[in-house]
Amino acid sequence: TGATSSSTCTPCGAGTYSGVTGATSSSECVECARFNATWGGSSCLCLANFFGDGKSCFPCPDGSKSQVGSTHADACKVIDSTSQYQVDMGVRMQGTKAAFDSDKQERLKDAVSAASPSALNVTITSITEGTTGRRRLLSAFIDIALVLLYSDEASAQSAAANDLTEDRLNAQMGSNGLGSLLIMQQPTVSRPQAAPVPESDGLPVAAIGGAAGGGAV
């Protein structure tokens, strides 16, 4: 948020951006999600299956997909479903299933997509609540099953080996305002048998992308 001189401008907070030249208040910083974008560490990036400059993001044409951060319409590609591969994994977060609302689900998918930008889609397929500890010291946690879709086997194998690590995921979790996670089921690559179907308790299925936001002058 800014002043009359660029040398005294203060960047918008993580996950937000202002397109107002000479903005003077943090209230003029809006969340990247307003632009169908997400926070990547320094600027807003269009979500997967969108394209644009991170401030104006447009959906890819029907039947085509793009990676997080795509800036041009030609990044939207029609993907041959016969070449797709998926990565299944499971993570654990502290908290209750009730508290893990739709907003936090979207933030988790944003974080996962940001950690693995080549993912075409991230889906939550189940959420299971549990507790650890003894009696009065019980601590609630949720185990979350994830399925990520990739355009080919090489992309899926690379993501499983390099992108979907606890360190990389937790860096994005913090950027998306979430606590840290633990990987309970290591990423495994396979050919998709059918489109993943979420639980029937309102879990969103929409694709989500990774991230970045900007600053105000």
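Structure: see above.
Residues numbered from 1 in each chain as written. Predicted model: local features only at pLDDT ≥ 70, side-chain atom pairs only at ≥ 80, totals over all residues. Heavy atoms only, no water.

Enquirer: Whenever I open this one, the state of the cysteines confuses me. Can you help?
Expert: Scanning the model with the defined rule gives four disulfides in all. A disulfide bridge connects Cys46 with Cys57, and the sulfur atoms are separated by 2.1 Å. For the disulfide bridge between Cys46 and Cys57, the dihedral angle about the S-S bond is near -90°, and by the sign convention the bridge is left-handed. Of this pair, Cys46 sits in strand β4 (residues 44-46) while Cys57 is found in strand β6 (residues 57-59), placing the two residues 11 residues apart along the sequence. Here Cys46 falls in the buried class, since its relative accessible area comes to 1%. On the basis of relative accessible area, Cys57 is assigned to the buried category, the value being 9%. Bonded cysteines in the chain are paired 1-2, 3-4, 5-6, 7-8 when counted in the order they occur along the chain. For the unlinked cysteine Cys9, the closest cysteine sulfur is that of Cys12, found at 9.9 Å. (Disulfide = S-S within 2.5 Å. Helix = DSSP H or I, 4+ residues; strand = E, 2+ residues; numbered from the N terminus. Buried < 20%, exposed > 50% of the residue type's maximum accessible area, 1.4 Å probe, protein only.)

Enquirer: So what exactly am I meant to see when it comes to the sheet that holds strand β11 (residues 139-150) here?
Expert: The strand order β10-β11-β9-β12 describes an open sheet built from four strands, whose pairing is antiparallel. Only two strands of the sheet have a single partner each, and these edge strands are β10 (121-132) and β12 (181-190). Neighbour to neighbour, the strand axes of the sheet diverge by 15° on average, direction disregarded. In the packing of helix α2 (residues 153-163) onto the sheet, contacts are made with β9 (85-94), β11 and β12, and the angle to β12 comes to roughly 155°. (Pairing = 2+ DSSP bridges. Axes fitted to C-alpha atoms, helices over the stretch in contact; angles between N-to-C directions. Contact = heavy atoms within 4.5 Å.)

Enquirer: In this structure, what is going on with the packing of helix α1 (residues 102-115) against helix α3 (residues 166-175)? I would like to understand it.
Expert: Between two packed helices, the angle of one axis relative to the other and the distance separating the axes together describe the packing. Look at α1 against α3: their axes get within 8 Å of each other, and the N-to-C directions meet at 130°. Accordingly, the angle class assigned to the pair α1 and α3 is oblique. As α1 runs across α3, the sense of the crossing is right-handed. Residues Leu108, Ala111, Val112, Ala114 and Ala115 of α1 pack against Arg168, Leu169, Gln172 and Met173 of α3. Looking at the contact of α1 with α3 residue by residue, the classes come out as seven nonpolar, one polar and one charged. (Parallel < 35°, antiparallel > 145°, perpendicular 65-115°, else oblique. Left-handed = near helix turned anticlockwise from the far one by under 90°. Nonpolar A, V, L, I, M, F, W, Y, C, P; charged D, E, K, R; others polar.)

Enquirer: Explanation requested: the pairing of β11 in the structure shown.
Expert: When a strand is regular, its side chains alternate between the sheet's two faces. Two strands pair when backbone bridges link them, and β9 and β11 are joined in this way by 10 bridges, in the antiparallel orientation. Considered in β11, the bridge of Tyr85 is made with Tyr150. As judged from the 11 bridges shared by β10 and β11, these two strands associate in the antiparallel manner. Within β11, the residue paired with Val122 across the bridge is Leu148.

Enquirer: It is not clear to me how the nonpolar core should be interpreted in this structure. Could you clarify?
Expert: One recurring pattern in soluble globular proteins is that nonpolar side chains are buried together. Core analysis: the largest hydrophobic core is formed by 27 residues, its most contacted members being Leu108, Ile144, Leu146 and Leu148. Put simply, the parts of the chain that give this core at least two residues each are β9, α1, β10, β11, α2, α3 and β12. Apart from residues lying up to four places away in sequence, Leu146 is in contact with Val87, Asp88, Met89, Val91, Leu108, Val112, Val122, Thr123, Ile124 and Thr125. In this structure, Tyr17, Cys32, Leu47 and Cys57 belong to the second largest nonpolar core, which totals 10 residues. (Core = buried A, V, L, I, M, F, W, Y, C linked by side-chain atoms within 4.5 Å.)

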